[in-house]
Amino acid sequence: MRKISVWLLTGILAAIGVPALAANYPAPQEADWVAPDFRFHTGEVLPAVRLHYTTIGNPAGEPVLILHGTGQSGSAMLAPYFANELFGPNQALDATKYFIILPDALGAGKSERPSQGMRTKFPHYNYDDMILAQYRLLTEGLHIRHLRLVLGNSMGGMHVWLWGEAHPDFMDALVPMASQPTEMAARNWMTRRMLIETIRQDPAYDNGNYRTQPPSLRLANVFMGITTSGGTIAYATMAPTREKADKLVDERLAAPLAADANDYIYQWDASRDYNASPALDRIQAPLLAINSADDERNPPETGLMAQALTHVKNGHLLLIPASADTRGHGTTALAKFWQQQLRDFMATVPRKTM
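Q: What's the story with the packing of helix α3 (residues 127–141) against helix α4 (residues 155–166) in this structure? I'm lost.
A: Helix-helix packing: each pair is described by the crossing angle between the helix axes and the interaxial distance. Contact pair α3 / α4: the axes reach a minimum separation of 10 Å and the direction vectors enclose 75°. Between α3 and α4, the angle is such that the two are roughly perpendicular. Residue-level inspection shows Tyr127, Asp128, Met130, Ile131, Gln134, Tyr135 and Leu138 of α3 in contact with α4, the latter providing Met155, Met158, His159, Leu162 and Trp163. Among the residues forming the contact of α3 with α4, the class breakdown is 9 nonpolar, 2 polar and 1 charged.

Q: What am I meant to see in the nonpolar core here?
A: By size, the foremost hydrophobic cluster in this structure holds 63 residues, and its most contacted members are Val150, Trp161, Trp163 and Ile199. Once residues lying within four places of it in the same chain are set aside, the contact partners of valine 150 are Leu65, Leu67, Val160, Trp163, Met171, Ala173, Leu174 and Val175.

Q: Looking at this structure, how should I read the side chain of histidine 146?
A: For histidine 146, the location among the structural elements is in the loop between α3 and β5 (147–153). A distance of 2.7 Å separates polar atoms of two side chains, one belonging to histidine 146 and the other to aspartate 172.

Q: Before we go on, may I ask you to explain the confidence of the model for the protein chain in this structure?
A: Parts of the prediction with low pLDDT should not have their coordinates interpreted in detail. In this model, the protein chain carries an average pLDDT of 94, and 94% of its residues clear a pLDDT of 70 or more. Counting interchain partners and residues more than four positions distant, the pLDDT-below-50 stretch residues 1–19 has 57 contacts.

Q: When you look at the environment of proline 299 in this model, what are you seeing that I'm missing?
A: Residue placement: proline 299 occurs in the loop between β7 (287–292) and α10 (304–309). By relative accessible area, proline 299 is classed as buried at 16%. Residues proline 299 and aspartate 325, spaced 26 residues apart in sequence, show a C-alpha to C-alpha distance of 18 Å.

Q: Could you clarify how one ought to interpret the packing of helix α5 (residues 186–200) against helix α9 (residues 261–269) in this entry?
A: One can describe the packing of α5 onto α9 by two numbers: an axis separation of 10 Å at closest approach and a directional angle of 160°. On the basis of the axis angle, α5 is roughly antiparallel to α9. Every pair of crossing elements has a handedness; the one defined by α5 and α9 is left-handed. Taking contact as the criterion, the partners of Trp189, Arg192, Leu195, Ile196, Ile199 and Arg200 in α5 are, on α9, Ala261, Tyr264, Ile265, Trp268 and Asp269. For the contact of α5 with α9, the class distribution of residues is 8 nonpolar, no polar and 3 charged.

Q: How should the environment of glutamine 72 be read in this particular structure?
A: Note that glutamine 72 resides in the loop between β3 (62–67) and α2 (80–83). Relative accessible area serves as the criterion here: at 2%, glutamine 72 is assigned to the buried category. Distance from glutamine 72 to alanine 105, taken between C-alpha atoms, is 8.4 Å for residues 33 residues apart in sequence. Side-chain polar atoms of glutamine 72 contact the backbone nitrogen of glycine 69, separated by 3.0 Å.

Q: Please explain the pattern of salt bridges as it appears in this structure.
A: Pairing between side chains becomes possible if they bear opposite charge and their charged atoms approach one another. The final tally for this structure, using the stated rule, is 11 salt bridges. Measuring nitrogen to oxygen at the nearest pair gives 2.9 Å for the salt bridge that ties aspartate 246 to arginine 242. Pair noted here: aspartate 246 and arginine 242 are both in helix α8 (residues 242–254), with a separation of 4 residues, about one helical turn. According to the relative accessible area criterion, arginine 242 is exposed, its value standing at 57%. For glutamate 251, the salt bridge is made with lysine 247, and the minimal N-O distance between the two is 2.4 Å. Of the two residues, glutamate 251 and lysine 247 both sit in helix α8, 4 residues apart, roughly one turn of that helix. What makes glutamate 251 partly exposed here is its relative accessible area of 36%. Each of Arg242, Glu243 and Asp246 takes part in salt bridges that share partners, so that together they form one network.

Here is what the cut-offs are and how they apply
Residues numbered from 1 in each chain as written. Predicted model: local features only at pLDDT ≥ 70, side-chain atom pairs only at ≥ 80, totals over all residues. Heavy atoms only, no water. Axes fitted to C-alpha atoms, helices over the stretch in contact; angles between N-to-C directions. Helix = DSSP H or I, 4+ residues; strand = E, 2+ residues; numbered from the N terminus. Parallel < 35°, antiparallel > 145°, perpendicular 65-115°, else oblique. Contact = heavy atoms within 4.5 Å. Nonpolar A, V, L, I, M, F, W, Y, C, P; charged D, E, K, R; others polar. Core = buried A, V, L, I, M, F, W, Y, C linked by side-chain atoms within 4.5 Å. Buried < 20%, exposed > 50% of the residue type's maximum accessible area, 1.4 Å probe, protein only. Polar contact = N/O pair within 3.5 Å; in protein donor to acceptor, adjacent residues only side chain to side chain. pLDDT = per-residue confidence, 0-100. Left-handed = near helix turned anticlockwise from the far one by under 90°. Salt bridge = Lys/Arg side-chain N within 4 Å of Asp/Glu carboxyl O.

Put into structure tokens, the structure is as follows:
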């Protein structure tokens, strides 16, 4: 299930030597559900959209939805430094008590995506479409009417803000990580735009009609990972000389890449109109935002998060201090930094009866 196209988890964290741990929770189960007559925000309709998902635990347990980052799949959330810190006995999201649901987002993983035949004729989905796909999977596919928690990382974190606004009574608690509810703009969007243009302007891309993956895909992938995740202090520690810095770059350029250029462009472009800030007052569930102080995409010094949280009725921020052990935007993938605070937060959140 490991996908090396996921630079946030398997690229950066594997490169810095995060130890592997044996799984301490029930075996994950994979399945598919097909959403009929799926209508995109553009008005386009596909007669059948396949949505892949992974579950852990007994379906009779309290449902918890966990959402992955850009270019990943639900299986990314099974990485030992995430799952083994959360899903085991007596841990914050003990899978003997909770029913963990890990969907592959629309356009990613094993869910419906451009590379399955339509290429650039695939509807240009956005985050609203991705939320709709998750909602339909839960309500129509799994017949779930209420969630104990929605937790997401990076893109998944942005989705959590939108979940709280679109379906304010559907969950007891919200935990968006490595994200802000503010408009996709500034360096965050500029780097995404450059990633997309790097591939689109490569002659080998051929307007999406390539026969082999364009070389720019690998370069864009590695460049995005280095510039927008990893942590300034951590990189200074890992690569204090040019030789060591070159070694890191060479290793990442040489790593296998299981990605498709059209899928990749769609995945990053889906954030183009993201802006959860106008509807923050719709959020009803208690919310714990978890960010790191060295997050390259969501720098706390802008004050945007603090300002946004003034519009959330019961919102709080856990800001993980930067250190040689944090990984910038990748920090929240390491659940050791926040699993105890999640446990404490969930202990305070009342259960709604639906």
